[in-house]
Amino acid sequence: MEAALQTNVQNCYHCGDSCIDELILAHDKAFCCAGCKTVYELLEENNLCTYYNLEQNPGINGKANTSDARFAYLDDAGVVAQLINFRNDSICKLTFYVPQMHCSSCIWLLENLFKLNAGISESTVNFLRKEISLTYLHQRTTLREVVALLARLGYEPDITLADTDGKKIKKQDRSIIYKLGIAGFCFGNVMLLAFPDYLAFTGGLQRSFGSFFGYVSILLSLPVLFYSARGFFTSALESIKQRFVNIDVPIALGLMALFCVSLYEILTGTGPGYLDSFNGLVFFMLIGKYFQQKTYDSLSFDRDYTSYFPVSVTVLKDKVEESIAVRNLEVGHRIRIRNQELIPADAMLMSGQAMIDYSFVSGESELVEKVAGEVIYAGGRQVGESIELEVVKEVSQGYLTQLWNDSAFSKPEKQSVATYANTAGKWFVIVTLFVAAGTLWYWVPRDTDMAMRAFISVLIIACPCALSLATPFVHGHTMRVFGKNKFYLKNTAVVETLAKIDTVVFDKTGTLTEPSAAEVSYTGKALSADQERRILSVLRHSTHPLSQRISENLKDKPLQVDNFQEFAGKGLSGEVSGQLVRVGSAAYLGIPTDKATDTLKTTVYVSVDGVVLGYYTFYNVYRKGLKDILGELKGKKIAVLSGDNDHEEARLKELLGQEAALVFNQSPVQKLQSIQALQAKQHQVLMVGDGLNDAGALKQSDAGIALTNSITNFSPSCDAILDATAFDKLSKFLAFSKKSMNIILATFAVSLVYNVIGLSLAVQGLFSPITSAILMPISSLSVIVFATLSVKFASRRAGL
């Protein structure tokens with residue numbers, strides 16, 4: 001009977017529901033179902049049970065709920081198709097906005113959903129954006145079940161009609177405006193009630209109504225304490241729970257001290273308190289936070305740099321090819337995708353044989369065959385002949401950028417300026433707390449009013465924000481400068497990597513040379529119009545610069561190509577009207593070296609049905625300004641890794657200098673191994689290639705730049721994309737990256753000077769708390785302004 005009574009009154013430790021239908025006792029705690037118990041165990045195993053300290057029973061019941069019926073619309077195939085980013089025979093990928101995330105426990109729990117639903121294979125959280133990217137096995141679970149699980153855990157995703165219509169609407173958080181309005185209203189009224197304390201002629205008013213005014217001030221201050229200032233307190237509490245001290249710790253301590261002392265003085269009648277200062281502090285700090293957020297959002301370089309994502313695509317208008325930027329692609333556009341080109345938006349296959357490599361999206365390199373009428377998802381890469389597609393869904397540059405920054409293409413993490421800045425910021429806050437304690441210890445025996453004034457001022461005015469703001473703001477502005485000059489970086493971390501480069505490795509063909517400017521001549525048997533048409537038909541499927549250059553000389557309507565293949569660094573083949581056409585190097589076509597004509601030039605041989613007809617000769621034209629670039633790179637080790645023969649070694653030595661390392665006849669694998677050898681000697685290596693044959697080397701290098709004429713050959717292996725027209729600025733980009741690091745150090749110095757002067761004056765009691773509250777956000781804004789103007793000034797001087 002006693003046991004039964006106990007069961008009736010026990011509540012679930014995770015969700016707080018009464019354990020009526022079922023009671024599970026584990027870990028000395030009661031749970032209402034296996035779901036709640038499992039969630040608790042996931043958190044407990046990883047020491048993340050501070051999750052339960054944030055509020056009473058923060059978990060949501062893990063059992064299936066009748067209210068899950070509201071997700072029935074997710075059984076509709078049309079709705080699912082609008083929400084998902086990618087789908088193949090086994091997996092679906094999509095991203096949800098989850099505003100309920102609030103701590104590291106949330107992150108860990110959301111990234112371990114696979115332990116709660118075996119159908120979920122992967123989940124990754126972007127905490128700053130409050131987003132979760134999910135991959136689930138659609139044969140083992142459904143989207144409805146995934147969403148219902150998130151809802152039961154307390155993380156119901158924010159799915160709106162705009163999402164199911166394929167239109168994304170950016171949500172605006174107005175909470176800081178509401179907090180600011182309440183703080184401003186209360187500050188104004190409390191200040192009005194505090195006038196009798198400051199003015200001599202209102203002494204009578206103070207004697208008659210002083211206590212009443214004090215009580216009213218307390219009532220007015222409560223909304224500010226519990227609502228407007230809540231963010232400072234919760235942030236400080238969370239940082240302490242995670243054994244980390246952030247900037248909000250001294251602010252919260254100062255605010256609490258000010259409020260408690262004021263409460264004591266008013267209630268005991270020993271003084272008027274400092275509630276005017278308390279409300280003023282919160283008001284001015286929220287103003288600073290608001291403008292800082294507005295400034296950060298307007299720059300938005302760190303969280304939303306997709307406007308600089310430079311992929312372009314070939315659009316067919318009245319059967320005429322035209323290259324346009326991906327951001328201008330619209331539903332209904334007919335596009336052509338060639339071999340190794342990225343599909344920028346969900347599109348329906350209209351013609352051609354599609355063999356799609358989805359390794360960019362799913363990590364699986366197995367080719368997927370598609371037939372006419374099937375939808376091909378954004379992020380896939382065509383392998384084989386060119387195909388025609390019709391866009392069926394709006395392009396998402398954010399999705400493509402997210403793929404580019406996927407962990408599969410990331411470099412090993414290294415210590416950065418941002419890492420050091422965050423460490424310095426943590427110790428700065430700790431030192432500030434000691435200085436504040438010392439100030440209190442010094443002033444209390446001498447002047448208690450001055451002690452409170454100086455103590456609060458020290459806590460408020462000290463601002464390590466500049467240390468953490470400097471790096472992202474400077475790097476972000478640097479990315480903007482580069483973007484305007486057609487140099488597109490993967491993320492802000494690449495700037496710092498470029499500043500450390502001491503070795504620059506170039507590919508030759510298409511990188512140092514300018515294929516579009518090369519003079520092309522044909523030697524061999526005279527080609528009939530039909531043979532030229534067959535050769536053109538094969539060449540048009542390739543994005544290689546030499547293939548495109550030959551195609552420009554062959555003007556005719558191409559024919560259907562079957563069994564097209566392209567072998568990196570070797571050549572192409574395809575069947576046209578039953579005849580096998582092969583185009584490539586002498587070795588690829590099986591021509592003995594002693595018969596390979598004119599080894600002093602770049603040659604591309606052609607054969608039809610095994611008969612070598614002749615070869616195209618390229619008289620290489622090196623890119624404009626190459627000699628100047630190489631001259632400006634003095635002090636750095638220069639190397640060339642080329643897949644061609646050594647016929648231009650003497651000319652390259654003249655251009656690059658006798659110290660340059662020149663290696664020829666390199667396969668893609670050998671290029672990668674050469675990069676590894678340089679890194680083994682502790683060199684910081686920059687690889688500049690065309691993004692096709694150099695993908696492995698680009699990924700292996702510390703920083704890889706894909707140089708391209710059309711920017712259709714996007715390679716996820718690279719860290720940056722450089723438009724060929726801006727190649728002559730390469731040395732300026734490297735020098736400016738180093739200059740940006742100096743600007744960061746200068747920004748640190750500005751912050752240090754501010755804090756030394758501010759703390760010195762605050763310790764002496766020369767600042768009031770309100771003055772400190774005004775100066776603190778000004779210091780952060782001054783760092784932003786200094787970083788902005790410094791980068792703009794430096795870019796003008798650098799000619800960027």
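Position labels on residues start from 1 in each chain and follow its written sequence. Side-chain atom pairs in this predicted model are given and counted only at pLDDT of 80 or more, local residue features only at pLDDT of at least 70, and totals for whole chains, interfaces and linings cover all residues. The side-chain figures draw on all heavy atoms in the structure; neither hydrogens nor water molecules are used.

Observations regarding the sheet that holds strand E23 (residues 611–619)
Then step 1. At least two bridges found by DSSP between two strands is the condition for calling them paired. Put simply, DSSP marks the helices as runs of H or I at least four residues long and the strands as runs of E at least two long, and each gets a number from the N terminus on. One open sheet accounts for six strands, arranged E18-E23-E22-E21-E20-E19; its pairing is antiparallel. A single partner strand is all that each edge strand has here, and the edge strands are strand E18 (519–524) and strand E19 (561–567). Within the sheet, the average angular offset between the axes of one strand and its neighbour, ignoring direction, is 15 degrees.
Then step 2. Judged from the seven bridges that link them, strand E22 (residues 602–608) and E23 form a sheet pairing that is antiparallel. Each residue of the ladder has a partner; that of Val-606, found in E23, is Gly-614.
Then step 3. Sheet strands in contact with helix H19 (residues 529–539) are E19, strand E20 (571–576), strand E21 (579–584), E22 and E23, and its direction is about 120 degrees off that of E20.
Then step 4. Residues count as neighbours in contact if any of their non-hydrogen atoms are within 4.5 Å of one another. Fitting a line to C-alpha atoms yields each axis, with helices limited to the stretch in contact; the angle taken between N-to-C directions then spans 0 to 180 degrees. Across the sheet, helix H20 (residues 545–553) lies against E18, E20, E22 and E23, angled at about 100 degrees from E23, the strand it touches most.

Some remarks on the environment of Trp-441
Then step 1. Assignment of secondary structure puts Trp-441 in helix H14 (residues 417–443).
Then step 2. Burial classification: accessible surface area is computed with a 1.4 Å probe over protein chains only, and a residue below 20% of its type maximum counts as buried, one above 50% as exposed, and the rest as partly exposed. Judged by its relative accessible area of 70%, Trp-441 falls in the exposed class.
Then step 3. Linking Trp-441 and Phe-455, residues 14 residues apart in sequence, is a C-alpha distance of 9.5 Å.

Some details on the confidence of the model for the protein
Then step 1. pLDDT runs from 0 to 100 and stands for how confident the predictor is about each residue. Summarising the model, the protein shows a mean pLDDT of 75, and 74% of its residues fall at 70 or more.
Then step 2. Contacts of residues 1–8 to residues separated by more than four positions or lying in other chains number two contacts, the stretch itself having pLDDT below 50.
Then step 3. Every residue in residues 164–170 is under pLDDT 50, and counting partners more than four places away or in other chains gives 11 contacts.

Description of the packing of helix H10 (residues 248–268) against helix H15 (residues 448–461)
Then step 1. One can describe the packing of H10 onto H15 by two numbers: an axis separation of 8 Å at closest approach and a directional angle of 155 degrees. By the angle class used here, H10 and H15 are roughly antiparallel. For the pair H10 and H15, the crossing hand works out as left-handed. Touching Pro-250, Ile-251, Leu-253, Gly-254, Ala-257, Leu-258 and Val-261 of H10 are Met-452, Phe-455, Ile-456, Leu-459 and Ile-460, all from H15. Oblique is the label for any angle not covered by the other classes, which are roughly parallel (under 35 degrees), roughly antiparallel (over 145) and roughly perpendicular (65 to 115). By the definition used in this description, the sense in which the near helix is turned from the far one sets the handedness, with an anticlockwise turn below a right angle giving left-handed and a clockwise turn giving right-handed.

With respect to the pattern of salt bridges
Then step 1. Salt bridges are counted wherever a side-chain nitrogen of Lys or Arg sits within 4 Å of a carboxyl oxygen of Asp or Glu. Per the counting criterion, the structure on display carries seven salt bridges.
Then step 2. When the shortest N-O distance is used, the salt bridge between Arg-334 and Glu-388 registers 3.3 Å. In this pair, Arg-334 is assigned in strand E9 (residues 334–337) and Glu-388 in strand E15 (residues 387–391), connecting sequence segments 54 residues apart.
Then step 3. With relative accessibility at 29%, the residue Arg-334 sits in the partly exposed group.
Then step 4. Here Asp-507 ties to Lys-671 by a salt bridge, and the two come within 3.1 Å at their closest N and O atoms. Linking Asp-507 in the loop between strand E17 (503–506) and helix H18 (508–512) with Lys-671 in helix H23 (residues 668–680), this pair joins segments that are 164 residues apart in sequence. Taken individually, Asp-507 and Lys-671 each receive the classification buried, so the pair is uniform in this respect.
Then step 5. Overlapping salt bridges, with partners in common, bring together Arg-334, Arg-336, Glu-388 and Glu-390 in one network.

Points about the sheet that holds strand E25 (residues 661–663)
Then step 1. If you trace the seven strands from one edge of the open sheet to the other, you get E16-E28-E27-E26-E17-E24-E25, paired in mixed fashion. A strand with exactly one partner marks an edge of an open sheet, and here the two such strands are strand E16 (487–489) and E25. Within this sheet the neighbouring strands show an average axis-to-axis angle of 20 degrees, counted without direction.
Then step 2. Against the sheet, helix H22 (residues 649–656) engages strand E24 (637–641) and E25, with an angle of about 155 degrees to E25.

Side note on the packing of aromatic side chains
Then step 1. Ring pairs are drawn from Phe, Tyr and Trp, using the six-membered ring of Trp, whenever the two centres fall within 6.5 Å, and their geometry is named by plane angle: stacked under 30 degrees, edge-to-face over 60, tilted for the rest. Tallying each qualifying case throughout the model produces 12 aromatic pairs.
Then step 2. Arranged with centres 5.4 Å apart and planes meeting at 55 degrees, the rings of Phe-259 and Phe-278 form a pair that is tilted. Here the residue Phe-259 occupies a position in helix H10, and Phe-278 occupies one in helix H11 (residues 275–299), the gap between them amounting to 19 residues. Per residue, the accessibility class of Phe-259 equals that of Phe-278, and both read buried.
Then step 3. Between Phe-487 and Phe-733, the aromatic rings sit 4.6 Å apart at their centres with planes inclined by 20 degrees, giving stacked as the arrangement. One end of the pair, Phe-487, is in strand E16; the other, Phe-733, is in helix H25 (residues 730–763), and 246 residues separate them in sequence.
Then step 4. Here Phe-487 falls in the buried class, since its relative accessible area comes to 1%.

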